[in-house]
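Chains, contacts and geometry: an overview
Here is what each chain is made of, one letter per residue.
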Amino acid sequence: RNSLEKADEGTKKKYIPFLIRMLEHHKYLVRFHAADLLGAYGPLAKEAVPVLLKKLKDPHADVRVSVAFALGNIGFASDAVVSGLVEALRDPSGRINEGAVTSLGKIENGGEKARIALTRIIEEEADGFARATAIEGLGGLGEAARPSLPLLVQLLKGPGRGDIRGAAARALGRLGPIAQEAVPGMAEVMKVKDNWIQSETAKALGKIGTPEAMKVL
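Please read all numbers here as calculations on a predicted model, not as lab measurements.

Description of helix 2 (residues 9–22)
The terminal C-alpha atoms of helix 2, which comprises 14 residues, lie 20 Å apart, in line with the 20 Å expected from a rise of 1.5 Å per residue. Maximal helix bending in helix 2 amounts to about 35 degrees, located at Ile-16; proline Pro-17 follows within four positions. Lys-12, Ile-16, Leu-19, Ile-20 and Met-22 are the residues of helix 2 that are buried.

Written as structure tokens, this is what we have:
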């Protein structure tokens, strides 16, 4: 693995067809490492994108996660890549969400499409885990998540399940100073007599870290 990752550009190009074939290997660890290496090769591995897109449906969750990150590292901004990663946000394991969100954030216009898809999951999905995962996913979108700040504040305030409110707090904290405009709403939550939600909100305010946020603490 190390020798292939550190190889010169010419050697990497020579190995890419081999790694693409390994994406079809019967052992999931081989598929996992093949996708990981192709991602490490970045834009050089653009020819692997069609097969990687198919592998977003791999039966093994570890492979799907590796593939999602690889697509972002390759950075090929086609409609098919964006659509594939957006669809992966609904992966039943939930584990692929982070990879899909991270990769969409690296691809041109991917962040906005991810925000729309995550918002749809939050508003339409009945499963609490899926909703909480989507909420935290918004926190990984950086600047693209700004239009969703009112939604995150609304979810934090409740009423609703504790895991949903906690996920909203963590998403806001992950956004850091981008979430500055959410501080007034978060300040209201700090007055509510719920020690756990207060604690989660306080952590988020600390991560936002602006003078206005720190005054609330």
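Some points on the side chain of Asp-91
Tracing the sequence through the fold places Asp-91 in the loop between helix 6 (79–88) and helix 7 (96–106). The exposure class assigned to Asp-91 is buried, which follows from its relative accessible area of 13%. A polar side-chain atom of Asp-91 sits 2.7 Å from a polar atom in the side chain of Arg-64. What Asp-91 contacts, discounting residues up to four positions off in sequence, is Arg-64 and Ile-96.

Here's the deal with unusual backbone geometry
In this chain, Gly-158 is followed by Pro-159 through a cis amide linkage whose omega measures 5 degrees. Positionally, Pro-159 belongs in the loop between helix 10 (149–157) and helix 11 (162–175).

A few points about the environment of Glu-188
Within the secondary structure layout, Glu-188 lies in helix 12 (residues 183–189). By relative accessible area, which is 45% here, Glu-188 ends up partly exposed. Once the C-alpha coordinates of Glu-188 and Lys-157 are considered, the two residues, 31 residues apart in sequence, prove to be 8.1 Å apart.

Here's the deal with the confidence of the model for the chain
Counting all residues, the mean pLDDT for the chain is 90, and 98% of those residues have values of 70 or more. The lowest-confidence element of the chain is helix 1 (residues 2–5), averaging 66 in pLDDT; the highest-confidence one is helix 12, averaging 97.

Here we look at the packing of helix 5 (residues 61–74) against helix 7
Running from N to C, helix 5 and helix 7 cross one another at 5 degrees; their axes reach a closest spacing of 8 Å. Our classification of the angle between helix 5 and helix 7 gives roughly parallel. Touching Arg-64, Val-65, Ala-68, Phe-69, Leu-71, Gly-72 and Asn-73 of helix 5 are Ile-96, Glu-98, Gly-99, Ala-100, Thr-102, Ser-103 and Lys-106, all from helix 7.

What to know about helix 7
All buried positions along helix 7 are accounted for by Ile-96, Asn-97, Gly-99, Ala-100, Val-101, Ser-103 and Leu-104. Those residues of helix 7 that are buried are in contact with helix 5, helix 6, helix 8 (110–124) and helix 9 (128–138).

As for the packing of aromatic side chains
Counted according to the given criterion, the structure contains one aromatic pair. Considering the side-chain rings of Tyr-15 and Phe-18, the 6.4 Å spacing of their centres and the 75 degrees angle between planes classify their relative orientation as edge-to-face. Here Phe-18 and Tyr-15 lie together in helix 2, a separation of three residues that amounts to about one turn. Its relative accessible area of 34% is what places Phe-18 among the partly exposed residues.

Describing the pattern of salt bridges
Proximity of charged atoms lets side chains of opposite charge pair with each other. Inspection of the entire model under this criterion finds 15 salt bridges. Among the salt bridges present, the one from Asp-91 reaches Arg-64, with a minimum N-O distance of 2.7 Å. Here Arg-64 lies in helix 5 and Asp-91 lies in the loop between helix 6 and helix 7, a separation of 27 residues in the sequence. The same class applies to Asp-91 as to Arg-64, namely buried. Sharing partners across several salt bridges, the network here consists of Glu-24, Arg-31, Lys-55 and Asp-58.

Topic: the nonpolar core
Of all hydrophobic cores here, the largest spans 70 residues; its most connected members are Leu-52, Leu-56, Leu-85, Leu-89 and Ile-135. Once residues lying within four places of it in the same chain are set aside, the contact partners of Leu-85 are Leu-56, Ala-68, Leu-71, Ala-100, Ser-103, Leu-104 and Ile-107.

As for the packing of helix 3 (residues 28–40) against helix 5
Running from amino to carboxyl end, helix 3 crosses helix 5 at an angle of 15 degrees, the nearest separation of the two axes being 8 Å. It follows from the interaxial angle that helix 3 and helix 5 lie roughly parallel. Classified by chirality, the crossing of helix 5 by helix 3 is left-handed. Contacts from Tyr-28, Arg-31, Phe-32, Ala-35, Asp-36, Leu-38 and Gly-39 of helix 3 reach helix 5 at Asp-62, Val-63, Ser-66, Val-67, Ala-70, Asn-73 and Ile-74. Taken together, the residues of the contact of helix 3 with helix 5 break down into eight nonpolar, three polar and three charged.

Criteria and cut-off values
- Residues numbered from 1 in each chain as written.
- Predicted model: local features only at pLDDT ≥ 70, side-chain atom pairs only at ≥ 80, totals over all residues.
- Heavy atoms only, no water.
- Helix = DSSP H or I, 4+ residues; strand = E, 2+ residues; numbered from the N terminus.
- Expected span 1.5 Å × (residues − 1).
- Bend = angle between axes of the 7 residues up to and from the residue.
- Buried < 20%, exposed > 50% of the residue type's maximum accessible area, 1.4 Å probe, protein only.
- Polar contact = N/O pair within 3.5 Å; in protein donor to acceptor, adjacent residues only side chain to side chain.
- Contact = heavy atoms within 4.5 Å.
- pLDDT = per-residue confidence, 0-100.
- Axes fitted to C-alpha atoms, helices over the stretch in contact; angles between N-to-C directions.
- Parallel < 35°, antiparallel > 145°, perpendicular 65-115°, else oblique.
- Phe/Tyr/Trp six-rings, centres within 6.5 Å; stacked < 30°, edge-to-face > 60°.
- Salt bridge = Lys/Arg side-chain N within 4 Å of Asp/Glu carboxyl O.
- Core = buried A, V, L, I, M, F, W, Y, C linked by side-chain atoms within 4.5 Å.
- Left-handed = near helix turned anticlockwise from the far one by under 90°.
- Nonpolar A, V, L, I, M, F, W, Y, C, P; charged D, E, K, R; others polar.

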